[in-house]
Amino acid sequence: MGRTNLDERQLQKKHKAGNQAFILLAFLLLADMGLQNYGIHWLEYPLSNYVIFLVGVGSYLVRIIWNGSYVGPGSGNLTANGRSILGAVLAILVALCVITAAWMGSSGKTSGGTGPAILMIFTAVGLVILGTVFWIRCRNNREDA
Amino acid sequence: MGKNLRLKAARAAKDMSQKQLADAVGVTRQTIIAIENGDYNPTIRLCIDICLTLGKTLDQLFWEGAEHGEN
């Protein structure tokens, strides 16, 4: 088993969550199609599919984090390289966040494009993922008998 | 599936924490907690690894007949 691989319980939980998220996705897309046929447009076409996709992926992500299947065993102690890479990624994300915020502030959001907002969301999500991984590692490696 | 108190006792007898046992058998601490609480049914491979680490047999740690007075 590799350093970042999941153990058997984590894999079992992850597969179960994945299967159910896939079924949920299929069901929601079908429901959306049915609503469209009846003339109920709760959201415009590409956005509605994206929202459904986000719901499916979001539920999958929340469930694997909740079940402790996001970070595998043996990834508790970071090597010097790991720390360097993590630090670099964190620095890049924070820098991107600051630049984006400054850009949005200076342009006064008058450009009308969604680029800055997407960049902001991307960096925020990156920071949230890093924070989650750090929190899970702390929880997994807590010493108690 | 009830709690596996024999596993907990064997681990305590070896003076090992859940984390130490988890590291020794290559799983997460949450998996050991789940096995001890009876929330997860481990594979035979993991059972053997746990037994080897704790110096016990499969019967001593995982056979439920003894607990229910069947053997």
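Rules used in this analysis
Residues numbered from 1 in each chain as written. Chains lettered and ligands numbered in written order. Predicted model: local features only at pLDDT ≥ 70, side-chain atom pairs only at ≥ 80, totals over all residues. Heavy atoms only, no water. Contact = heavy atoms within 4.5 Å. Buried area = accessible area lost by both parts, 1.4 Å probe. Salt bridge = Lys/Arg side-chain N within 4 Å of Asp/Glu carboxyl O. Polar contact = N/O pair within 3.5 Å; in protein donor to acceptor, adjacent residues only side chain to side chain. Helix = DSSP H or I, 4+ residues; strand = E, 2+ residues; numbered from the N terminus. Nonpolar A, V, L, I, M, F, W, Y, C, P; charged D, E, K, R; others polar. Axes fitted to C-alpha atoms, helices over the stretch in contact; angles between N-to-C directions. Left-handed = near helix turned anticlockwise from the far one by under 90°. UniProt positions renumbered as here; feature names shortened; annotations may be inferred. Domains from an automatic or database assignment.

Engineer: Describe in detail the interface of chain B and chain A, supporting the description with residues and values.
Structural biologist: Taken together, the contact between chain B and chain A spans 16 residues of the former and 16 residues of the latter. For the pair chain B and chain A, the two sides together bury roughly 1,400 Å², of which 43% comes from carbon and sulfur. Between chain B and chain A we count 0 salt bridges in total. In this assembly, chain B and chain A are joined by 5 residue pairs in polar contact (both at pLDDT 80 or more). If one sorts the elements of the side of chain B that touches chain A by residue count, helix α3 (residues 29–37) of chain B sits on top with 4 residues. By residue class, the composition of the side of chain B that touches chain A is 5 nonpolar, 8 polar and 3 charged.

Engineer: Could you give me a rundown of the packing of helix α2 (residues 18–25) of chain B against helix α4 (residues 44–54) of chain B, with the residues and numbers involved?
Structural biologist: Residues and elements named next belong to chain B. The N-to-C vectors of α2 and α4 enclose an angle of 120°; their axes lie 9 Å apart at closest approach. The way α2 lies across α4 gives a crossing that is right-handed. Together, L21, A24 and V25 of α2 and L46, D49, I50, T53 and L54 of α4 make up the contact between the two elements.

Engineer: Give a detailed account of the UniProt feature "transmembrane region" (unreviewed entry) in chain A, specifying residues and quantitative values.
Structural biologist: All names here are of chain A. Per the UniProt annotation, the sites labelled "transmembrane region" (unreviewed entry) are residues 21–41, 47–66, 86–105 and 117–136. Along residues 21–41 one finds 81% helix and 0% strand; the C-alpha atoms at either end are 24 Å apart. For residues 86–105, the end-to-end C-alpha separation is 28 Å, with 100% helix and 0% strand making up the annotated structure.

Engineer: Give me the domain arrangement of chain A: which residues, what numbers.
Structural biologist: In many reports, interface size means the accessible area that the parts give up when they come together. Residues and elements named next belong to chain A. If you check the domain split of chain A, you get domain 1 (1–73) and domain 2 (77–144). Note on domain 1 versus domain 2: buried area summed over both sides is about 590 Å², and carbon and sulfur give 63% of it. The interface formed by domain 1 and domain 2 contains 0 salt bridges. Linking domain 1 to domain 2 there are 0 residue pairs in polar contact (both at pLDDT 80 or more).

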